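A structural walkthrough
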Amino acid sequence: KYSDSRRSTAPQIRVNGCFVHPNVNRRDVRVGDDGVVHYIDCVLLPPRHPLPTSRTLAQYLSSEPSVSMFANALAGSSLMSALWNESRRYTVFAPTNDAFVRFLGDPRVGASFYDDVVFRDMLARHVALGFHEISELSTGRASKSLATVAGDDDRSRAYVETRRRGEVFVNGCAVIGEQDFARDGAVHFIDCVID
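1. A word on the state of the cysteines
Simply put, the disulfide is a covalent bond whose two ends are the sulfur atoms of two cysteines. This model, assessed by the stated rule, comprises 1 disulfide. Cysteine 173 shares a disulfide with cysteine 192; S-S distance 1.9 Å. Looking along the S-S bond of the cysteine 173-cysteine 192 disulfide, the torsion reads about -105°, which is the left-handed sense. A residue pair is termed long-range when its members are at least 10 positions apart, and cysteine 173 in strand S11 (residues 173-182) and cysteine 192 in the segment after strand S12 (185-190) qualify at 19 residues. A relative accessible area of 1% places cysteine 173 in the buried class.

2. Examining the environment of arginine 89
Among the structural elements, arginine 89 can be located in the loop between helix H3 (79-83) and strand S6 (90-95). Judged by its relative accessible area of 35%, arginine 89 falls in the partly exposed class. Separated by 41 residues in sequence, arginine 89 and glycine 130 place their C-alpha atoms 4.8 Å apart. A polar atom in the side chain of arginine 89 sits 2.4 Å from the backbone oxygen of arginine 183.

Cut-offs and rules
Residues numbered from 1 in each chain as written. Predicted model: local features only at pLDDT ≥ 70, side-chain atom pairs only at ≥ 80, totals over all residues. Heavy atoms only, no water. Disulfide = S-S within 2.5 Å. Helix = DSSP H or I, 4+ residues; strand = E, 2+ residues; numbered from the N terminus. Buried < 20%, exposed > 50% of the residue type's maximum accessible area, 1.4 Å probe, protein only. Polar contact = N/O pair within 3.5 Å; in protein donor to acceptor, adjacent residues only side chain to side chain.

Worth remembering: the numbers are spatial, not functional.
Here is the structure:
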């Protein structure tokens, strides 16, 4: 699965979270008549295992420009320090900046959004307990609902739905763009804010 990271003006390509080295891959390395070799910066592992990386979810989110509004919201709440307990794994459904702008522009959001308890609860519904990569979510091997750090009641759970052509939705938000891994879990970009 290829994705553009959007970290800089020149696109960086990733394969299941590993960066493809652009300077090493200036020319395709041909293997016989049927193949091409690309050099990457980490090891691809079987499904359900995070990639061997030293970065945490918090480090990844704070370094990814396309989800900076979500990362800043997490950092500004009391949730960030409570989340990153390395004895646990998490799956973060991170709304893109475009999704956050649409959410904040919605007149239904109102002043209650800025209440710390409401704000923290909304952010917590974006973080599911456990490690769930996209191949698991899209094939129905995942539970139809995932417990989040917001709680295990019906309103707090992340409901996963696979639609035609394998499109994955979480609480009505489409999983888009890239999937990335950290030593304590996985990140999936989504196109709306779970409220």
